[in-house]
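Architecture and fold: a report
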Amino acid sequence: MKRTMQKGFTLIELMIVVAIIGILAAVALPAYSDYMKKSKVSELVLALSAYKQPIQEFTTTQNRLPTTDELDVKAPTGGYVKDLSYTPSSTSAITAAGTTAKMTATAQNVGTGVDDKTLTLVGAVNYETMALVWTCGTDATIENKYLSAACKHS
């Protein structure tokens, strides 16, 4: 009796491969979704960072923070930034520590759980050098898993 060589795969082998691919997809898709949201949230930080230098320059030359009228803050069109706002703690001459500038960005088109949530950067004025030291605000409403390591809040 002559043995014939098997050609192709058996049904059970194909089912095992399909099951493995299904398990990998079930794990990878949520992680990929979170990764995409995190990358879109980084655009909020970039939008806020665009105003750091103008605020610093104004503070250095004028010895005070700019008012909301003096700093023309506009949200970029399209993308993931819905709105930008700027709030100085004081617009009078800086005479002591504790003066801060607060920039807030509101998200859009990022995805469920992130849209309409906010990210905040706070610039504290160093009284001696008039330099602003920027940190992420603790009042961000975006979940930690979508924020960069520097912006995670407790």
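In what follows, the structure referred to is the one given above.
None of the values given here were measured: they were computed from a predicted structure. (Residues numbered from 1 in each chain as written. Predicted model: local features only at pLDDT ≥ 70, side-chain atom pairs only at ≥ 80, totals over all residues. Heavy atoms only, no water.)

**Notes on the overall build of the protein**
When you go through the protein residue by residue, the secondary structure sums to two helices and four strands. Along the protein, from the amino end to the carboxyl end, the secondary structure elements read α-α-β-β-β-β. Over its C-alpha trace the protein gives a radius of gyration of 25 Å, far above what one expects of a compact globule, namely 15 Å for 154 residues. In terms of overall dimensions, the protein has a C-alpha envelope of 100 × 30 × 25 Å along the principal axes. Expressed as a percentage of the 154 residues in the protein, the buried residues total 30%. (Helix = DSSP H or I, 4+ residues; strand = E, 2+ residues; numbered from the N terminus. Rg over C-alpha atoms; globule rule 2.2 N^0.38 Å. Buried < 20%, exposed > 50% of the residue type's maximum accessible area, 1.4 Å probe, protein only.)

**Focus: the state of the cysteines**
Evaluation of the coordinates by the stated rule reveals one disulfide. Across the disulfide, C136 is cross-linked to C151 (sulfur-sulfur distance 1.7 Å). Within this pair, whereas C136 is found in strand 4 (residues 132-136), its partner C151 is found in the segment after strand 4, the two being separated by 15 residues in sequence. C151 shares its class with C136; the two are buried. (Disulfide = S-S within 2.5 Å.)

**A short note on the sheet that holds strand 2 (residues 100-107)**
With respect to topology, four strands assemble into an open sheet ordered 1-2-3-4, the strand pairing being antiparallel. Both outer strands of the open sheet, strand 1 (81-88) and strand 4, are each paired with one neighbouring strand and no more. Taken pair by pair, the neighbouring strands of this sheet meet at an average axis angle of 15°, ignoring direction. Pairing of strand 2 with strand 3 (residues 118-125), which is carried by seven bridges, proceeds in the antiparallel orientation. Bridge assignment links T106 to a residue of strand 3, and that residue is T118. The sheet strands contacting helix 1 (residues 11-49) are strand 1, strand 2 and strand 3, and the helix crosses strand 2 at an angle near 140°. (Pairing = 2+ DSSP bridges. Axes fitted to C-alpha atoms, helices over the stretch in contact; angles between N-to-C directions. Contact = heavy atoms within 4.5 Å.)

**Quick word on the side chain of T118**
Structurally, the position occupied by T118 is in strand 3. T118 has contacts with T104, A105, T106, D139, A140, T141 and I142, leaving out every residue within four places of it along the chain.

**With respect to the pattern of salt bridges**
A complete count under the given rule lists three salt bridges for this structure. When the shortest N-O distance is used, the salt bridge between D34 and K145 registers 3.9 Å. Remark: K145 occurs in the segment after strand 4 and D34 occurs in helix 1; sequence separation between them is 111 residues. Judged by its relative accessible area of 45%, K145 is partly exposed. Between R64 and E70 there is a salt bridge, with its nearest N and O atoms 2.7 Å apart. Taking relative accessible area as the criterion, E70 reaches 39% and is therefore assigned partly exposed. (Salt bridge = Lys/Arg side-chain N within 4 Å of Asp/Glu carboxyl O.)

**Re the environment of T100**
Relative to the elements of secondary structure, T100 occurs in strand 2. Spatially, the C-alpha atoms of T100 and A124 are 4.5 Å apart, while their sequence positions differ by 24 residues. Among residues more than four places away in sequence, those in contact with T100 are L65, T87, P88, S89, V122, G123 and A124.

**Structural notes on helix 2 (residues 52-62)**
Within the span of helix 2, buried status applies to I55, F58 and T59. Angularly, the buried residues of helix 2 cover 100° about the axis, an arc narrow enough to put them on a single face. For helix 2, the exposed residues lying more than 90 degrees away from the buried face are Q53 and T61. On its buried face, helix 2 is in contact with strand 1, strand 2 and strand 4. (Arc of directions from axis to C-beta.)

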